[in-house]
Amino acid sequence: ETGVTQTPRHLVMGMTNKKSLKCEQHLGHNAMYWYKQSAKKPLELMFVYNFKEQTENNSVPSRFSPECPNSSHLFLHLHTLQPEDSALYLCASSQDAVFSGTGRNTQYFGPGTRLTVL
Amino acid sequence: GENVEQHPSTLSVQEGDSAVIKCTYSDSASNYFPWYKQELGKGPQLIIDIRSNVGEKKDQRIAVTLNKTAKHFSLHITETQPEDSAVYFCAASNSGAQKLVFGQGTRLTINP
């Protein structure tokens, strides 16, 4: 166990549904991340949150809406998704967001949510 | 921006043999290079990393080498075991950045 949990582990949704993915880290970290993992682009960064503030949005479509109510929890709200959004969505956390050469930016990943959009 | 290329995409070796995975990067400012291992049904886990002030780092059966001039780095696994079978990702970043740029991944299979 890495200390990062994600729920649900599997999700099937229609294109008109609204659902949310949840991530929780038990490591006392300050930064959290959402990644998309698919066959075409194995590990694609979506969002970065540092001390609850979004610091990076990697040109993600607005049908993905992140929320970070505190440093331990991160959500990804999904609405009107497309079949090409089917992928494994991974959450990660690190002590710090900025790489400083101290090891405090090592990212710890959760097991992911396997999303299928019909 | 940074671009990381990883080769090969698949690698099959006999148990006990060595495996080598190579990555190249484009941004000469990159100075942090981690390697992650992803087993089936799990998220990636850091196995070793190297910073640009060193050329090689070892941890038991795994080692990473870095050639800053050529902008490439490699993962070496010796005396491979069945539990080494997984997908391996390299990544690169630089001080002050908030993100890692990952390679495409290598699926390593250890044959008994």
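Everything numeric in this text was worked out from a predicted model, so none of it was measured.

Q: Which residues make up the overall build of chain A, and what values do they have?
A: In terms of regular secondary structure, chain A is built from 0 helices and 11 strands. Element order for chain A, N to C, with α for helix and β for strand: β-β-β-β-β-β-β-β-β-β-β. With the C-alpha coordinates of chain A rotated into their principal frame, the extents come out at 45 × 30 × 30 Å. The 118 residues of chain A split such that 48% are buried. A sequence separation of at least 24 residues applies to 55% of the contacts in chain A between residues at least 6 apart. Carbon together with sulfur atoms contributes 49% to the accessible area of chain A, which is approximately 5,500 Å² in total. Side-chain charges in chain A split into 11 positive and 9 negative, and the spacing between the mean points of these groups amounts to 6 Å.

Q: Tell me about the sheet that holds strand 3 (residues 18-25) of chain A, residues and numbers included.
A: Residues and elements named next belong to chain A. In space, the 4 strands of this open sheet follow the order 1-3-8-7, with antiparallel pairing throughout. If you trace the sheet from one side to the other, it starts and ends with strand 1 (4-7) and strand 7 (64-70), each paired once. Adjacent strand axes in the sheet meet at a mean angle of 20 degrees when their direction is disregarded.

Q: A description of the environment of F99(A) should follow, citing residues and the corresponding values.
A: Tracing the backbone shows F99(A) in the loop between strand 9 (87-94) and strand 10 (108-109). Overall, the relative accessible area of 3% leaves F99(A) in the buried class. A C-alpha to C-alpha distance of 33 Å links F99(A) and L11(A), two positions 88 residues apart in sequence. Apart from the residues lying within four places of it in its own chain, the contact partners of F99(A) are N105(A), Q107(A), Y32(B), S93(B), N94(B), S95(B), G96(B), A97(B), Q98(B), K99(B) and L100(B).

Q: How would you sum up the pairing of strand 6 (residues 56-59) of chain B? Please name residues and give values.
A: All names here are of chain B. In the sheet, strand 6 pairs with strand 7 (residues 62-67) via 4 bridges, with the strands oriented antiparallel. For E56, the partnering residue across the bridge sits in strand 7 and is T65. The hairpin turn running from strand 6 into strand 7, its antiparallel successor, is 2 residues long, and Q60 in that turn takes a positive phi close to 55 degrees.

Q: Before we move on, can you summarise the interface of chain A and chain B with the specific residues and values?
A: Accessible area lost upon the coming together of the parts serves often as the stated size of an interface. On the side of chain B, 23 residues touch chain A, which itself brings 27 residues to the contact. The junction of chain A with chain B conceals about 1,800 Å² of combined surface from both sides, 57% of it contributed by carbon and sulfur atoms. When the buried surface of chain A facing chain B is broken down by residue, L43(A), F99(A) and F109(A) rank first, second and third, together holding 32% of it. Inspection of the chain A/chain B interface yields 1 salt bridge. Of all elements in the fold, only strand 4 (31-37), strand 5 (44-50), strand 6 (53-57) and strand 9 of chain A reach the threshold of two or more residues within the side of chain A that touches chain B. Class assignment for the residues of the side of chain A that touches chain B results in 13 nonpolar, 12 polar and 2 charged.

Q: Could you give an account of the sheet that holds strand 6 of chain B, naming the residues involved and the relevant values?
A: Residue and element names in this part refer to chain B. Here 5 strands make up an open sheet; going across it, the order is 1-3-8-7-6 and the pairing antiparallel. Looking at strand neighbours, the two that pair on one side only are strand 1 (4-7) and strand 6, the edges of this open sheet. For this sheet, the mean angle separating the axes of adjacent strands, direction not counted, is 15 degrees.

Q: Account for the environment of N58(A), with residues named and values stated.
A: Examined against the element boundaries, N58(A) turns out to sit in the loop between strand 6 and strand 7. Placed 32 residues apart in sequence, N58(A) and L90(A) show a C-alpha to C-alpha distance of 15 Å. Sequence-distant contacts of N58(A), that is, excluding residues within four places in its chain, are made with L45(A), M46(A) and K99(B).

Q: So what's going on with the side chain of T106(B)? Which residues, and what values?
A: Relative to the elements of secondary structure, T106(B) occurs in strand 11 (residues 106-111). By relative accessible area, T106(B) is classed as buried at 0%.

Q: Explain the state of the cysteines to me, and be specific about the residues and the numbers.
A: Following the criterion strictly, the structure yields 2 disulfides over all chains and no others. Note that C23(B) is cross-linked by a disulfide to C90(B), the S-S spacing being 2.0 Å. Taking the sign of the S-S torsion, about -100 degrees here, the bridge from C23(B) to C90(B) comes out left-handed. With C23(B) in strand 3 (residues 19-25) and C90(B) in strand 9 (residues 86-92), the pair connects residues that are 67 residues apart, well separated along the chain. Neither residue differs from the other here; C23(B) and C90(B) are each classed as buried. You can see C68(A) has no disulfide; the closest cysteine sulfur is in C91(A), sitting 9.0 Å from it.

About the criteria used
Residues numbered from 1 in each chain as written. Chains lettered and ligands numbered in written order. Predicted model: local features only at pLDDT ≥ 70, side-chain atom pairs only at ≥ 80, totals over all residues. Heavy atoms only, no water. Helix = DSSP H or I, 4+ residues; strand = E, 2+ residues; numbered from the N terminus. Buried < 20%, exposed > 50% of the residue type's maximum accessible area, 1.4 Å probe, protein only. Contact = heavy atoms within 4.5 Å. Areas by Shrake-Rupley, 256 points an atom, 1.4 Å probe, with all protein chains shown as cover. Lys, Arg positive; Asp, Glu negative; His and termini not counted. Charge placed at Lys NZ, Arg CZ, Asp CG, Glu CD. Pairing = 2+ DSSP bridges. Axes fitted to C-alpha atoms, helices over the stretch in contact; angles between N-to-C directions. Buried area = accessible area lost by both parts, 1.4 Å probe. Salt bridge = Lys/Arg side-chain N within 4 Å of Asp/Glu carboxyl O. Nonpolar A, V, L, I, M, F, W, Y, C, P; charged D, E, K, R; others polar. Disulfide = S-S within 2.5 Å.

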